Amino acid sequence: MSDDLLIDEPPARRRFFSRFGGALGPGRDRHWLWRLMKWLGIVLLAIILLYYPVGMMLTHQINDDPSFSAPQVEQTDNLDSGPSQAVATAAAIMDREVSQTAWTANDPFFMPGWALDNMPNFQVGVRDAVKRFALELQDEIGRNRGTSGADSDLQGAASYFNYRPDVWIWNPSNALLPTSTTEEQYRQGVKALQNYNSRLAQGKATFDRRADNLLSTLDRIGKDLGAASDRTQRQIDQESGSWIDFHADDVFYLNKGLLYGNALILRDLGKDFSKILDEKGARQIWDRMVTSMIEGAELNPWIVINGRPDAMMQPNHLAAQGFFLIRARAQLEELNDVLIK
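About the thresholds
- Residues numbered from 1 in each chain as written.
- Predicted model: local features only at pLDDT ≥ 70, side-chain atom pairs only at ≥ 80, totals over all residues.
- Heavy atoms only, no water.
- Helix = DSSP H or I, 4+ residues; strand = E, 2+ residues; numbered from the N terminus.
- Buried < 20%, exposed > 50% of the residue type's maximum accessible area, 1.4 Å probe, protein only.
- Contact = heavy atoms within 4.5 Å.
- Expected span 1.5 Å × (residues − 1).
- pLDDT = per-residue confidence, 0-100.

A look at the overall build of the protein chain
Of regular secondary structure, the protein chain possesses 12 helices and 0 strands. Listing every helix and strand of the protein chain by position from the N terminus yields α-α-α-α-α-α-α-α-α-α-α-α. Counting the 341 residues in the protein chain, one finds 48% classified as buried. For the protein chain, the share of sequence-separated contacts (at least 6 apart) that also reach a separation of at least 24 residues comes to 73%.

Re helix α7 (residues 182-201)
Taking 1.5 Å as the rise per residue, α7 with 20 residues should run 28 Å; its terminal C-alpha atoms sit 29 Å apart, in good agreement. Listing the buried residues of α7 in full gives T182, E183, Q185, Y186, G189, V190, A192, L193, Y196, N197, R199 and L200. Where α7 is buried, its residues touch α4 (85-100), α5 (118-141) and α6 (152-161).

As for the confidence of the model for the protein chain
On average, the protein chain scores 87 in pLDDT, and the residues at 70 or more come to 87%. Low confidence marks residues 1-7, where pLDDT is under 50. Its contacts with residues over four positions away, or in another chain, come to 9 contacts. Contacts of residues 20-24 to residues separated by more than four positions or lying in other chains number 16 contacts, the stretch itself having pLDDT below 50.

Next up, the structure:
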């Protein structure tokens, strides 16, 4: 096609050719196509480079508000009956994590949440606290003196929250067919807790407010905190003094979620067992224990550093968090001594 023939082309086509390589001629068709492909490649590269960083910033959310609570349950004149504030809060915490916030622990590689690690570890820590409480409800608090059959809703909740936190729609390493996602299972667990609490309000379920049930629950939570403390100690022993420790933040945020979930559940469990705590004179110790957990959960360093414990310039955020873990566990043991009398 010569330049004279190009004059007869429609104006829109002439402008297109002039923008992407000028008039077509021998070799020029390849030239303008190459320039078009180059610009498309630049745009695609920019999208790829921005997709994860921008997507991660938009997805990242650590829900560690210590004032978070479920709506106040309707109280009855009889402090030994009625719905549980702790059960309502446990359900609300998990509902927030799976229905109001993106659950990132099971995000596949093509989603920005896959590149996050602080948020998913925090969410798994919260799940661990709720799972422990659901198990204690099933085995102790939700039975009459521990001898009656397990409540069906509590059995369901304990099973649903025990589901792996990293299961997406399709996980070829486990099954070739689509499977139930983590979010679906945890939403079922939330519904089971809500249904159980509704039945409590109607007098059709058991929430046995006895000191020995509370003792058993505190003992198991204390063991979970002990395991978290051991996890922290191992990370400090193995990597302290390293300016770059890629696993320190994993441990820190897993513990942070565990402390946060337990703090909110125990705060409201104290309301459910207020009569027992007042009779035993344990209210002040209980409040100090919850405060220790909240203070540990509120630690929020910009970068988690696992420095030497005796370093002057290099902080150790794991050791700082570990202090609150150990203090909360010691206060749990002190509570056990008071409640057992």
